[in-house]
Amino acid sequence: MPTHTTPDLAAAAGTTVADSAAIPNVNADTVTPFVRQATPHTYLMCRPDYFTVTYKINPWMDPAIPTDTAKALAQWQSLYDTYIALGHTVELIDQIDGLPDMVYSANGGFVIDNIAYGASFTHAERQAEGPAYMRWFADHGFRVVEPENVNEGEGDFMLVGDTILAGTGFRSASNSHEEVARIYGREVVTLNLVNPNFYHLDTAIAVLNESAGQAPDAATIAYLPSAFDAASRAELERRYPDAILVSEADAAVLGLNSISDGYNVVIAARAVGFEAQLRERGYNPIGVDLSELLLGGGGVKCCTLELRR
Ligand code: ARG
């Protein structure tokens, strides 16, 4: 397993003065250097063979704007290739014609301890994806738990240490949070999303160090404070006082919708402020361009479901 040493933070701060000044939450003088370690992960992805936008279930989508499936495929391939180059394993589920959003595999379920909690989609347009993903999980050796409540999988559930952060407000119903707590026997923290542009938790929070446990180090997570109500913001501040707070501009290109292996963080190439913040905290940001998939309201994380066996 490769071990990476945090770059010299004093030198990094010296070269990024302008960026630091523009980002309120960054103070390189008080940042403790951490040795970041990359861990290989296994992901499930869905090649966007039938990607298009034919309906509108989030503010990013507009069926009047033409989509380019070939471009979506090429961009998706660059994300896939990035994971392979980083040493991760990627498994594939075939996209079903007529389910254009199936490419956002993060919504297909939530998988921990080899248990796959199935998705039950909010909108009729995506409902058939739930059983399709559950069939894949069953065929690939997972114990499948059929959902009793509306939930959109890892789009709204994120594991940090032994805690599950759970989003609600637009998609997953809060009773699915109780269901997840029962299934996995872990603490579940409900977070209320209030901005329709950030309708899934994984558009408003990035988990940077999933194994940080009970004593989170600096920058265990990154988030957009304004995406949450006051109570949820207070909860996040209490639990993660050293979190990276991203700018509205970076969140608006779905910069938070990213995948970290503990050191390498695959992010939207356009999230340049977030990129600088990650570097200052000892992470290695890697930008990819998923502009075409953004037309459906999804980014890096949406196209990636973690399989924890
Ligand atoms: N068009 C999809 C929807 O609105 C995008 C899903 C994005 N997925 C995510 N994990 N945030 O449901």
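Residues numbered from 1 in each chain as written. Predicted model: local features only at pLDDT ≥ 70, side-chain atom pairs only at ≥ 80, totals over all residues. Heavy atoms only, no water.

Scanning the protein from N- to C-terminus turns up 9 helices and 15 strands. The buried share of the protein, taken over its 309 residues, is 56%. The long-range share in the protein, meaning contacts at least 24 apart out of those at least 6 apart in sequence, stands at 71%. About 11900 Å² of surface is accessible on the protein, with carbon and sulfur atoms providing 52% of the total. (Helix = DSSP H or I, 4+ residues; strand = E, 2+ residues; numbered from the N terminus. Buried < 20%, exposed > 50% of the residue type's maximum accessible area, 1.4 Å probe, protein only. Contact = heavy atoms within 4.5 Å. Areas by Shrake-Rupley, 256 points an atom, 1.4 Å probe, with all protein chains shown as cover.)

This paragraph deals with the site of the ligand. The environment of the ligand is formed by 17 residues, the closest being Asn58, Arg126, Arg171, Gly296 and Cys302. Within the side chain of Arg126, one N or O atom sits 2.7 Å away from an oxygen atom of the ligand. Taking 350 Å² as the accessible area of the ligand by itself, protein coverage stands at 100%. Split into classes, the residues belonging to the shell around the ligand amount to 6 nonpolar, 7 polar and 4 charged. (Near = heavy atom within 4 Å. Polar contact = N/O pair within 3.5 Å; in protein donor to acceptor, adjacent residues only side chain to side chain. Nonpolar A, V, L, I, M, F, W, Y, C, P; charged D, E, K, R; others polar.)

Once that is clear, we can look at the packing of aromatic side chains. Remark: the centre distance and the inter-plane angle together describe each pair of aromatic rings, the angle taken between the planes. Overall, the coordinates contain 10 aromatic pairs when judged by the stated rule. Measuring from centroid to centroid gives 5.6 Å for Trp76 and Tyr80, while their planes differ by 25 degrees, and the two rings are stacked. With Trp76 and Tyr80 both in helix α3 (residues 69-85), this residue pair falls 4 residues apart, about one helical turn. Classification of Tyr80 by relative accessible area gives buried; the value is 19%. On the numbers, 6.3 Å between centres and 80 degrees between planes, the contact of Tyr223 with Phe228 is edge-to-face. Judged by relative accessible area, which is 1%, Phe228 ranks as buried. An aromatic cluster of three or more residues is present, and its members are Phe110, Tyr117, Phe157 and Tyr184. Over the face of the ring belonging to Tyr283 we find Arg36, whose NZ or CZ atom lies 4.0 Å from the ring centre. (Phe/Tyr/Trp six-rings, centres within 6.5 Å; stacked < 30°, edge-to-face > 60°. Lys NZ or Arg CZ within 6 Å of the ring centre and 35° of its normal.)

Attention shifts here to the sheet that holds strand β11 (residues 244-245). Overall, mixed pairing links the 3 strands, which are arranged β9-β10-β11 in an open sheet. The open sheet has two free edges, formed respectively by β9 (205-207) and β11, since each of these has just one partner strand. The sheet contact formed by strand β10 (residues 221-223) and β11 spans 2 bridges and is parallel. Across the sheet, the residue bridging to Ala222 is Ile244, located in β11. (Pairing = 2+ DSSP bridges.)

Examined against the element boundaries, Asn151 turns out to sit in the loop between β5 (143-145) and β6 (157-160). Classification of Asn151 as buried rests on a relative accessible area of 0%. Within the structure, Asn151 has its side chain in polar contact with the backbone nitrogen of Gly153 (distance 3.0 Å). With residues near it in sequence (within four places) discarded, Asn151 still touches Tyr117, Gly118, Ala119, Ser120, Phe121, Phe157, Ser172 and Ser176.

In this section: the sheet that holds strand β4 (residues 115-118). With mixed pairing, 3 strands are arranged side by side in an open sheet as β3-β4-β5. Each end of this open sheet is capped by a strand with a single partner; those strands are β3 (109-112) and β5. Strand after strand, the sheet turns through a mean of 20 degrees between neighbouring axes, direction not considered. Across 4 bridges, the pairing between β3 and β4 is antiparallel. Looking at β4, one finds that Gly109 is bridged to Gly118. Relative to β5, helix α4 (residues 129-139) is tilted by about 155 degrees, and along the sheet it contacts β3, β4 and β5. Together, β3, β4 and β5 form the strand contacts of helix α5 (residues 174-184), whose direction differs from that of β4 by roughly 165 degrees. (Axes fitted to C-alpha atoms, helices over the stretch in contact; angles between N-to-C directions.)

Here we take up the confidence of the model for the protein. A residue-level look at the protein finds 88% of positions with pLDDT of 70 or above and a mean pLDDT of 90. Counted against residues more than four places away or in other chains, residues 1-28, with its pLDDT under 50, gives 34 contacts. (pLDDT = per-residue confidence, 0-100.)

Each turn of an α-helix holds 3.6 residues, which means side chains three or four residues apart point in the same direction. Within helix α8 (residues 272-280), burial applies to Gly273, Phe274, Ala276, Gln277, Leu278 and Glu280. A positive phi of about 90 degrees marks Gly282, the residue just after α8.

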